[in-house]
Amino acid sequence: MDLEKAKKELQEKGFLDIDTSSDTDYVAEIKKLKKEKNAVILAHYYQEPEIQDIADFVGDSLQLSYKAAEVDAEMIVFAGVHFMAETAKILNPEKKVVLPDLNAGCSLAESCPANDLQAMKDKYPDHTVITYVNTSAEAKAISDICCTSSNARKIVESVPEDQPILFAPDRNLGAWIKKETGRDMLIWDGACVVHEAFSIDRLIETHKENPKAKIIAHPESPDYILKVSEYVGSTSGMINYVKNNPAKEFIVATEAGILHEMQKEAPDKTFIPAPVEDTSCSCSECPYMKMNTMKKLYLCMKYELPEVNVPEDVRKKALIPIEKMLEISSRK
Ligand code: 13P
Ligand code: SF4
């Protein structure tokens, strides 16, 4: 297939959908392309296990940002969602950044269009604007500092105590940090579809069936889930917790892709995905993260499409709050 045709198809769909032979060995082909193209694959813990296994680096949002900033290879293949690939491009603009499916968005990023955030800023001009990295480059460009779930507390505490904060877009993470720090925070009304899906009644039921299991949760989960959890933390925080905690069973309230790394890190332990309201599913999966497949990963590396770009004026402005976050986050 020629590149022009591939580009046309891509524009229509946001990802390449070219027939590959049924016996294409994606693992072997992707490994070959990594060498040929001098490419590095960065993957989030919520990706399919086979994508995590072929990645050069797997991490949480913060770890992936640090990694993206230091990539030396020519092409960054981001196995994650759009805002993550954008962050990589903002931090490392000389590199080509590709995302297997451009439609891999995020319900949090969607809840916070830059013009609505600007309107809120105009209403509360004295507030320091802290945005979760799960936002568009345009929203970051009008923010003071970014944060992720693993450094949100540190970032909020870095702001002088008498300074009010506007926190966007995750209401659950915001409410949790507000409670933990006691800070004056105005919180945006966005939520993650994956963490909002957990059922407290079914979670209590699951715990009754597995009374020795420790409940652990991501702070994007609603307050009624966090209240019954023994540990609340980012994806990497949860992985470290299960590795180091002597317990043998855990009920895990976050996207089910994380269980792959947990099982690798602690093969002798049992991980039970927290149940959702919908009784037809046994766990919560991110529909955006799961848009990436091995086939799309292979095609995007082969054709170097779809590419993620950020207009230079937006990039320069968005870089400021991201770099501030990385600097504060690395303070002892
Ligand atoms: P972390 O990677 O910061 O734990 O965030 C999870 C998430 O929802 C990413 O989209
Ligand atoms: Fe967004 Fe939630 Fe999916 Fe993360 S898991 S990309 S926060 S919708």
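In what follows, the structure referred to is the one given above.
The structure presented is a predicted model; accordingly, all values stated were derived computationally and were not measured.

## Overview of the sheet that holds strand β1 (residues 39–44)
Read across the open sheet, the four strands follow the order β2-β1-β3-β4; overall the sheet is parallel. Strands with a single pairing partner mark the edges of an open sheet, and in this sheet they are β2 (57–59) and β4 (96–98). Adjacent strand axes in the sheet meet at a mean angle of 20°, parallel and antiparallel pairs treated alike. Alignment of strand β3 (residues 75–79) against β4, held across three bridges, turns out to be parallel. Bridge assignment links valine 77 to a residue of β4, and that residue is valine 98.

## What to know about the site of ligand 1
Taken together, the neighbourhood of ligand 1 is formed by 14 residues, with His44, Ser61, Ser149, His218 and Thr235 sitting nearest. Threonine 235 is positioned with one of its side-chain polar atoms (N or O) 2.9 Å from an oxygen atom of ligand 1. Contact with the protein chains hides 96% of the accessible area of ligand 1, taken as 300 Å² for the molecule alone. Looking at the shell around ligand 1, its residues break down into five nonpolar, seven polar and two charged.

## Notes on the site of ligand 2
Neighbouring ligand 2 are Tyr46, Val81, Cys106, Ser107, Leu108, Asn134, Cys192, Val193, Val194, Glu220, Cys286 and Tyr288. Mapped by element, the contributors of at least two residues to the shell around ligand 2 are α6 (107–110) and α11 (193–196). Here the shell around ligand 2 is composed, by residue class, of nine nonpolar, two polar and one charged.

## Examining the state of the cysteines
Summed over all chains, the structure comprises zero disulfides. Left without a disulfide partner, cysteine 281 is nearest to the cysteine sulfur of cysteine 283, which lies 7.3 Å away. By relative accessible area, cysteine 281 is classed as partly exposed at 31%.

## Some details on the nonpolar core
Buried together is how nonpolar side chains tend to be arranged in soluble globular proteins. Core analysis: the largest hydrophobic core is formed by 68 residues, its most contacted members being Leu42, Phe78, Ile130 and Met325. If you tally residues by element for this core, the top one is helix α17 (residues 312–330), at seven residues. Non-local contacts of isoleucine 130, meaning those with residues more than four positions away in its chain, are made with Ile145, Cys147, Ile155, Val156, Val159, Ile165, Leu166, Phe167 and Ala168. Within the second largest apolar cluster, 25 residues are counted, among which are Leu16, Tyr26, Ile51 and Ala55.

## Focus: the packing of aromatic side chains
Inspection of the entire model under this criterion finds four aromatic pairs. For the pair tyrosine 26 and tyrosine 298, a centre-to-centre distance of 5.6 Å together with 45° between the ring planes defines the contact as tilted. In this pair, tyrosine 26 sits in helix α2 (residues 26–37) while tyrosine 298 sits in helix α16 (residues 294–303), placing the two residues 272 residues apart along the sequence. Residue tyrosine 298 is classed as buried on the basis of its relative accessible area of 9%. Residues tyrosine 241 and phenylalanine 250 carry aromatic rings whose centres are separated by 6.3 Å and whose planes lie at 80° to one another, so their mutual orientation is edge-to-face. For phenylalanine 250, a relative accessible area of 0% corresponds to the buried category. Three or more aromatic residues joined by ring pairs make a cluster, and in this case those are Tyr231, Tyr241, Phe250 and Phe271.

## Some remarks on the pairing of strand β7 (residues 165–168)
Burial along β7 is two-sided: the residues Ile165 and Phe167 and Leu166 and Ala168 are all buried. For strand β5 (residues 128–132) and β7, the ladder comprises four bridges, and the chain directions are parallel. Residue pairing in the sheet places threonine 128 in a bridge with isoleucine 165 of β7. Two elements, β7 and strand β8 (residues 185–187), share three bridges in a ladder whose sense is parallel. Each residue of the ladder has a partner; that of phenylalanine 167, found in β8, is isoleucine 187. Between the parallel elements β7 and β8, the chain passes through helix α10 (residues 171–181) in a crossover that is right-handed.

Parameters at a glance
Residues numbered from 1 in each chain as written. Chains lettered and ligands numbered in written order. Predicted model: local features only at pLDDT ≥ 70, side-chain atom pairs only at ≥ 80, totals over all residues. Heavy atoms only, no water. Pairing = 2+ DSSP bridges. Helix = DSSP H or I, 4+ residues; strand = E, 2+ residues; numbered from the N terminus. Axes fitted to C-alpha atoms, helices over the stretch in contact; angles between N-to-C directions. Near = heavy atom within 4 Å. Polar contact = N/O pair within 3.5 Å; in protein donor to acceptor, adjacent residues only side chain to side chain. Areas by Shrake-Rupley, 256 points an atom, 1.4 Å probe, with all protein chains shown as cover. Nonpolar A, V, L, I, M, F, W, Y, C, P; charged D, E, K, R; others polar. Disulfide = S-S within 2.5 Å. Buried < 20%, exposed > 50% of the residue type's maximum accessible area, 1.4 Å probe, protein only. Core = buried A, V, L, I, M, F, W, Y, C linked by side-chain atoms within 4.5 Å. Contact = heavy atoms within 4.5 Å. Phe/Tyr/Trp six-rings, centres within 6.5 Å; stacked < 30°, edge-to-face > 60°. Right-handed = clockwise from strand over helix to strand, strands pointing away.

From the geometry alone we can't say anything about function, so treat these as descriptive.
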